[in-house]
Amino acid sequence: MAKEVVRQYLPLLDEEGRGAATEDALGRDRHYLPDTPEEDPYQAGHRTCAGCGPAIEYRWVLKAAGQDTVVAGPTGCMYVANSTYLCTPYTVPWAHTPIASGGSFTAGMAAGYEALIRKGRHPGPYPNIITMSGDGSAADIGLGAISGALYRNHDALFICYDNECYANTGIQVSPTTPYAGMTTFTPFGKAIPEGTRLPPKNLARMMAEGHPHCYVATATVGYPVDLMNKTRKGLNHHGAAFMHCFTPCQKGWVYQTSMTVEIGRRVVEAGLFPVWEYDPEQRKYHYFHPPVQRPVTDYLAMQGRFGHMLPEHIANAQQQANRNWETIGMDVPAELREGEDPERHRRLREETYSMPLNRGVGA
Ligand SMILES: Cc1ncc(C[n+]2csc(CCOP(=O)(O)OP(=O)(O)O)c2C)c(N)n1
Ligand code: SF4
Ligand SMILES: [Mg+2]
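Scope of this entry: the structure provided in the associated data block. Note that the structure is a prediction, hence the values are computed from the model and not measured. (Residues numbered from 1 in each chain as written. Chains lettered and ligands numbered in written order. Predicted model: local features only at pLDDT ≥ 70, side-chain atom pairs only at ≥ 80, totals over all residues. Heavy atoms only, no water.)

### Structural notes on the packing of helix 1 (residues 53-65) against helix 7 (residues 224-236)
The relative placement of two packed helices comes down to the angle between their axes together with the axis-to-axis distance.
Argument step 1. Running from amino to carboxyl end, helix 1 crosses helix 7 at an angle of 50 degrees, the nearest separation of the two axes being 9 Å. As summarised for this structure, helix 1 and helix 7 are arranged oblique, according to the angle between their axes. Crossing geometry of helix 1 relative to helix 7 is assigned as right-handed. Of helix 7, the residues touching helix 1 (which contributes Glu57, Trp60, Val61, Lys63, Ala64 and Ala65) are Pro224, Leu227, Met228, Thr231, Arg232 and Leu235. (Axes fitted to C-alpha atoms, helices over the stretch in contact; angles between N-to-C directions. Helix = DSSP H or I, 4+ residues; strand = E, 2+ residues; numbered from the N terminus. Parallel < 35°, antiparallel > 145°, perpendicular 65-115°, else oblique. Left-handed = near helix turned anticlockwise from the far one by under 90°. Contact = heavy atoms within 4.5 Å.)

Written out as structure tokens, the structure is:
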């Protein structure tokens, strides 16, 4: 007789009751951490760059998932920099997959574990099955395989760690490279002064709209507890779940190493990466409303990849952010509306901030 497939339940971490919080001048909780698990299935000793956002994301996700987890990683920085011959930083089973097949490999793992448990060949419970693909894989080369796995509703969590470029092969443009983000394939010049002219692919929204039975969420490394809880919600969801996580790449984006987490917050506060959850039962989006709303320059000026932007480009970026504020149901303050006018940036250039010259604001 077929055995029952028993699923795990991972309790959510407390995001309220922030007794130990110390707030910064802008009213943000800066140092709050609940009782996080002590286990670290992603250990120190890997070879990613200092301040690597994807490495921070890997660590928090695997901390949230715990030891009864299996992980797949398609080709990208988080495969290459983490695994040298006979050596990985994982204390859980991990497999590399070709860049195109993170979705299909993970679907196979999920179906395989179900079958083994039913046949009594794996003692169970059903493990936490996670694949973490770069944006080049999840939004481009491996998109079809992930979409197929989501559609067939395999019980696994599919994560895109988004460093907005093909980092491992030398910081080339990817479908999630933001407007005006410079990469080695989109240098700025006379013909295309903004570098990247296209808007980024809205990957998470595509996944939610296209697979309405799946749990879908966006997160950033700027909000670790939120990232851990969304990992757990995705794993607790019976069926396929997708998470799109914003993960700064200090090598490709050119910023001070210590600023990774700060950039993960500022992108949200600048309205350029809305953080939300899609609940498949209610078929509704739940948007996070950050307590601080900033001009996009507070975010852009921290990174060398935006250092070439001209006033009209900054105005375009502010326009994009303002539309995002409207989409998530927040008012657009007058100062941010004025930022849609290139003239304002021409005037401010000499006075308040240094676009297009990058001085590392916030460092
Ligand atoms: C089919 C295929 N095309 C190209 C490559 C070369 N390649 C290896 S890693 C990589 C970059 C992947 O980018 P992304 O998925 O965003 O991960 P990141 O390196 O940014 O972490 C590429 C293009 C490959 N391995 N397979
Ligand atoms: S290039 Fe970027 S993504 Fe790759 S290891 Fe370095 S910081 Fe991380
Ligand atoms: Mg990438």
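Back to the write-up after that little detour.
### Section: the site of ligand 2
Argument step 1. Taken together, Thr48, Cys49, Cys52, Pro54, Cys77, Asn163, Cys249, Gln250 and Lys251 make up all the residues around ligand 2.
Argument step 2. Per-class residue counts for the shell around ligand 2 are five nonpolar, three polar and one charged. (Near = heavy atom within 4 Å. Nonpolar A, V, L, I, M, F, W, Y, C, P; charged D, E, K, R; others polar.)

### A look at the coordination of the magnesium ion (ligand 3)
Argument step 1. Listed as protein donors to the magnesium ion (ligand 3) are Asp135 (OD), Asn163 (OD1) and Cys165 (O); their distances from the metal cover 2.0 to 2.2 Å.
Argument step 2. Sequence positions of the residues that donate to the magnesium ion (ligand 3) give the spacing D-x27-N-x1-C. Cysteine 165 carries the same exposure label as asparagine 163, and that label is buried. (Donors = N, O, S within 2.8 Å, 3.2 Å for Na, K, Ca; no water. Buried < 20%, exposed > 50% of the residue type's maximum accessible area, 1.4 Å probe, protein only.)

### Examining the packing of aromatic side chains
Argument step 1. Under the criterion given, the structure shown has 14 aromatic pairs.
Argument step 2. Look at phenylalanine 246 and phenylalanine 273: their rings are 5.4 Å apart centre to centre, the planes differ by 50 degrees, and that puts the pair in the tilted class. One end of the pair, phenylalanine 246, is in strand 6 (residues 241-246); the other, phenylalanine 273, is in the loop between helix 9 (260-269) and strand 7 (276-279), and 27 residues separate them in sequence.
Argument step 3. For phenylalanine 246, a relative accessible area of 0% corresponds to the buried category.
Argument step 4. According to the relative accessible area criterion, phenylalanine 273 is buried, its value standing at 9%. (Phe/Tyr/Trp six-rings, centres within 6.5 Å; stacked < 30°, edge-to-face > 60°.)

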